[in-house]
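Coordinate inspection notes
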Amino acid sequence: MAAILAKKLGMTQVFQEDGRVARVTVLEAGPCPVTAIRTLERDGYEAVQLAFGKGKEKHLTKAELGHLKKADAPPMRHLVEFRLDEGPPTQLQVGETVTVESFAVGARVKIAGTSKGKGFQGTIKRHNFASGPKSHGSHNVRAPGSIGASATPSRVFKGIRGPGQMGNKRATQKGLEVIAVDTKENLLMVRGSVPGPTGAFVEVRSDA
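Residues numbered from 1 in each chain as written. Predicted model: local features only at pLDDT ≥ 70, side-chain atom pairs only at ≥ 80, totals over all residues. Heavy atoms only, no water.

Some remarks on the overall build of the chain
The helix and strand tally for the chain stands at three helices and 12 strands. Its C-alpha radius of gyration of 23 Å places the chain more than 25% over the 17 Å reference for a compact globule of 208 residues. With respect to the three principal axes, the spread of C-alpha positions in the chain is 70 × 50 × 40 Å. Counting all 208 residues of the chain, 32% fall into the buried class. (Helix = DSSP H or I, 4+ residues; strand = E, 2+ residues; numbered from the N terminus. Rg over C-alpha atoms; globule rule 2.2 N^0.38 Å. Buried < 20%, exposed > 50% of the residue type's maximum accessible area, 1.4 Å probe, protein only.)

Observations concerning the sheet that holds strand 3 (residues 32-38)
The strands making up a sheet associate through hydrogen bonds between their backbones, and the pairing can be parallel or antiparallel. In spatial order, the strands read 5-4-3-6; together these four strands make up an open sheet with antiparallel pairing. Each edge of the open sheet is held by one strand with a lone partner, namely strand 5 (76-83) and strand 6 (97-98). (Pairing = 2+ DSSP bridges.)

Regarding a nonpolar patch on the surface
Together, Ile-147, Val-156, Phe-157 and Ile-160 make up an exposed nonpolar region whose accessible area comes to about 360 Å². Looking at where Val-156 falls in the secondary structure, it is placed in the loop between helix 3 (123-127) and strand 9 (164-165). Val-156 gets classed as partly exposed once you look at its relative accessible area, which sits at 43%. (Patch = residues over 30% accessible without salt bridge, like charges linked within 9 Å, V, L, I, M, F, W, Y side chains within 5 Å. Areas by Shrake-Rupley, 256 points an atom, 1.4 Å probe, with all protein chains shown as cover. Salt bridge = Lys/Arg side-chain N within 4 Å of Asp/Glu carboxyl O.)

Quick word on the pattern of salt bridges
Between side chains of opposite charge, a pair can form as their charged atoms come close. By the definition in use, this model includes six salt bridges. Measuring nitrogen to oxygen at the nearest pair gives 3.1 Å for the salt bridge that ties Glu-203 to Arg-170. Residue Glu-203 is located in strand 12 (residues 201-206), and its partner Arg-170 is located in strand 10 (residues 170-182); the two are separated by 33 residues in the primary sequence. Taking the relative accessible area as the measure of exposure, Arg-170 reaches 55% and is therefore exposed. Across the pair Arg-191 and Glu-177 runs a salt bridge whose closest N-O atoms are separated by 3.4 Å. Taken together, the residues Arg-191 in strand 11 (residues 187-191) and Glu-177 in strand 10 connect sequence positions 14 residues apart. On the basis of relative accessibility, which here comes to 30%, the residue Arg-191 falls in the partly exposed class.

Some remarks on the nonpolar core
One finds Ile-4, Leu-50, Val-109, Ile-111, Leu-188 and Val-204 to be the most contacted residues of the largest nonpolar core, which totals 28 residues. Take this core: its biggest share by element is four residues, from strand 1 (residues 3-15). Leaving out residues up to four positions away in the same chain, Ile-4 has contacts with Ala-29, Gly-30, Cys-32, Leu-50, Phe-82, Val-98, Thr-99, Val-100, Phe-103, Val-202, Glu-203 and Val-204. Counting six residues, the second-largest nonpolar core is a separate cluster that includes Ala-22, Val-26, Ile-179 and Leu-187. (Core = buried A, V, L, I, M, F, W, Y, C linked by side-chain atoms within 4.5 Å. Contact = heavy atoms within 4.5 Å.)

Observations regarding the sheet that holds strand 2 (residues 21-29)
Spatially, the six strands close up into a barrel ordered 1-2-11-10-7-12, and their pairing is antiparallel. Between one strand axis and the next, the sheet turns through 50 degrees on average, direction left out of account. Strand direction decides the pairing type here: strand 7 (residues 108-114) and strand 10, joined by six bridges, are antiparallel. Following the sheet pairing, Arg-108 is matched in strand 10 by Glu-177. (Axes fitted to C-alpha atoms, helices over the stretch in contact; angles between N-to-C directions.)

Overview of the side chain of Lys-8
With respect to the helices and strands, the residue Lys-8 is situated in strand 1. Glu-28 provides the closest opposite charge to the buried, unpaired Lys-8, separated from it by 14 Å. Among the polar contacts made by the side chain of Lys-8, one reaches the main-chain carbonyl oxygen of Val-194 at a distance of 2.9 Å. Not counting residues within four places of it along the chain, the set of residues in contact with Lys-8 comprises Thr-25, Val-26, Leu-27, Val-194, Pro-195, Gly-196, Pro-197, Thr-198, Gly-199 and Ala-200. (Lys, Arg positive; Asp, Glu negative; His and termini not counted. Polar contact = N/O pair within 3.5 Å; in protein donor to acceptor, adjacent residues only side chain to side chain.)

Shown next as structure tokens:
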């Protein structure tokens, strides 16, 4: 399984060889040093830990700095483990570096990140509820409506769709196609949109 950490730079469009236009998201992917290898015998599961995003020593704890120093890695802001429950054990070793060369044009990937936060929203925007009548003096234009009975069950069930915080949650976009790979600038271009705003931190992994 190919995996890498990236930063979302924004969206643009590129012309393909057949003349069609592809709407793509540009990601600054890696380079990501391998900072730890989890094994089934020692840790109970198999995973690879990657680091991304250069930081300052004063922003990291001594434990984090010591962990990165063992892998000869500079101060990094993000550490993420990628599970290897599927497929053969990884051939990577601590101290190696993962780059965009791990991905080929045409490959399918899934990208996980934190979606854009949209604050406290009502049911119409948050859950696509229909609005009420807008004429004849109606006061029920954007109200959520009834949410439960009276005597039975005498309470509101958990999970009722209502107003509340919208966005700012982990989201994964699957089935994205790699359109272009720039090994010199560490850029990865994928067709379609990616969770999060510009500058967001995302995780890219192959989607077999």
